[in-house]
Amino acid sequence: MAVDAAPALLHWYDMNARTLPWRTLPDAKQAPDPYRVWLSEIMLQQTTTAAVAPYFARFTARWPTIETLAAAEEAELMAAWAGLGYYARARNLIACARTIAAQHGGRFPQQETALRALPGIGAYTAAAIAAIAFGQRAVVVDANVERVVARLFALETPLPAARPELRRLTDGITPDARAGDFAQAMMDIGATVCMPRAPRCLICPLAEICAARATGEPERYPVKAPKRAKPERRGIAYWLERDGAVLLSRRPPRGMLGGMRALPGGAWHDAAPEATPPISADWRPIGAVRHVFTHFALTLDLLAARGEAKAADGEWWPVDRIEEAGLPTLYAKAAPLAAAWREAA
Ligand code: SF4
């Protein structure tokens, strides 16, 4: 089925484009800044625009160019990223900035293939940067675009098997001109009009050509394969206090939350592990924290005690400045439980 979505969509975008801190609007005089496009696209992976906005503002104030980011300390950048999640992105961010500074003279390559060769840039991000920053015709498919296209064509193939077909269909409606605006328009339609649960077909510029709307049940698309439950993992974390400070350790450099500050604790297992506290003390259970990662859900039982430990085992961090330690969300959730334990003691 031939569908010409671009004219109506671009017309709508010219009137309704969302103002976002990283976006260059269609009527802007200056060209988009590839650094800001790249930084925002990395931050927006699996993360909402509302969550990204303050991080984007802080990062661009502190590191306004790719060169300044390339020169940043990795630990400093990891701490600034804390709370945004998916920490491999932060490690790749600095690796990518350094590669561009060292091998590309501080300038982003413009072609999708060259962009894909950079650390942390996959197919989607390469296409988004090529289209949005450089106006290249690239096929940009994120979750919002998948939903809009699946509805536009009333695609019955369930996700994730439908992905190659969705890409081919998106390719078929992507125009040669204004490919960046087209990609952003599709994202905006997905975020503000063609929403997952309640698509607003009455105000949609694609309503007349949308096959899902014609079925009367647009929210049925994209069809999804039944979900499998995420595996559960268990672990223990130790909150050890001494003179108003808590003992923090660092996660191993590679793997989940690699290189981040953490509470001491052992490996995560499929079943509840044996307790192996950093020192022998009067350890008390103070609750548990839970976090759902991409591939598994983790419950950490928390044990708290007061006592001395060798400096080599970690660093003592003032409890009243714990939010400045750059702890990942999983460990930051332990602080209120420790506060309740301290008050009750
Ligand atoms: S008409 Fe409705 S279902 Fe179709 S793209 Fe627009 S909002 Fe989505």
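Procedures and definitions
Counting restarts for each chain, with residues numbered from 1 along the sequence as it is written. Where totals are concerned, whole chains, interfaces and linings use all residues; where local detail is concerned, this predicted model gives features only for residues with pLDDT of at least 70, and gives and counts side-chain atom pairs only at 80 or more. Excluding hydrogens and water, the side-chain values take into account all heavy atoms of the structure. Each residue is assigned to one of three classes by its accessible area relative to the maximum for its type, calculated with a 1.4 Å probe on protein chains only: buried under 20%, partly exposed between the two thresholds, exposed over 50%. Under the scheme used here, helices are H or I runs from DSSP no shorter than 4 residues and strands are E runs no shorter than 2 residues, and both carry numbers assigned from the N terminus. Taking the helix axis as origin, the arc is that swept by the directions to the C-beta atoms. Note on contacts: a residue pair is in contact if any heavy atoms of the two residues lie within 4.5 Å. Definition of nearness: a residue and a molecule or strand are near each other if at least one heavy atom of the residue lies within 4 Å of the molecule or strand. Of the grid points, spaced at 1 Å and generated over the protein atoms alone, those admitting a 1.4 Å probe that cannot get out make up cavities, while open sets with protein on both sides within 12 Å along at least five of seven lines make up pockets; any residue with an atom within 4 Å of a point is treated as lining. Cavities and pockets are treated as containing a molecule whenever more than half of the molecule's atoms lie within 2 Å of their grid points. Each residue is assigned to one of three groups, with Ala, Val, Leu, Ile, Met, Phe, Trp, Tyr, Cys and Pro labelled nonpolar, Asp, Glu, Lys and Arg labelled charged, and all others, Gly among them, labelled polar. Between N-to-C directions, angles span 0 to 180 degrees; the directions come from axes that are lines fitted to C-alpha atoms, helices contributing only their stretch in contact. Roughly parallel here means an angle under 35 degrees, roughly antiparallel means over 145, roughly perpendicular means 65 to 115, and every remaining angle is called oblique. Whether two strands pair comes down to DSSP finding at least two bridges between them.

The periodicity of an α-helix, 3.6 residues per turn, causes residues three or four positions apart to be oriented the same way. Listing the buried residues of helix H5 (residues 74-81) in full gives Leu77, Met78, Ala80 and Trp81. Looking straight down H5, one finds that the buried residues subtend no more than 160° of arc, so they occupy a single side. If you follow the buried residues of H5, they end up packed against helix H2 (34-44), helix H3 (49-62), helix H4 (66-70) and helix H6 (88-103). Looking one or two residues beyond H5, the residue adopting positive phi is Gly83, at roughly 100°.

All residues in the neighbourhood of the ligand are listed as Arg151, Cys194, Pro199, Cys201, Cys204, Ala207, Cys210, Arg213 and Pro218. The cavity that encloses the ligand is the largest cavity. Broken down by class, the residue content of the shell around the ligand amounts to 7 nonpolar, no polar and 2 charged.

Bringing the side chain of Asp181 into the picture now. Along the chain, Asp181 turns up in helix H11 (residues 179-192). Looking at Asp181, the relative accessible area reads 16%, which means it is buried. Discounting residues that sit within four places of it in the chain, Asp181 has contacts with Leu10, Tyr13 and Pro26.

This paragraph deals with the packing of H3 against H5. For the pair H3 and H5, interaxial distance at closest approach is 10 Å and the crossing angle is 155°. When the interaxial angle is binned, H3 and H5 end up roughly antiparallel. On H5, the residues touching Tyr55, Phe59 and Arg62 of H3 are Glu76, Leu77, Ala80 and Trp81. Here the contact of H3 with H5 is composed, by residue class, of 5 nonpolar, no polar and 2 charged.

Looking now at the pairing of strand E2 (residues 245-250). A large share of E2 lies buried, amounting to 5 of its 6 residues. Sheet analysis places strand E1 (residues 232-242) next to E2, joined by 2 bridges and oriented antiparallel. Across the sheet, residue Glu241 finds its bridge partner in E2, namely Val246. Counting the residues in the hairpin turn of E1 and E2 gives 2 residues, including Asp243, whose phi is positive at 50°. Here 4 bridges tie E2 to strand E6 (residues 315-318), and the two strands are oriented antiparallel to one another. Pairing of Leu247 across the sheet is with Trp316, part of E6. Relative to strand E3 (residues 261-262), E2 runs antiparallel, the two sharing 2 bridges. Bridged to Arg250 within E3 is Arg261.

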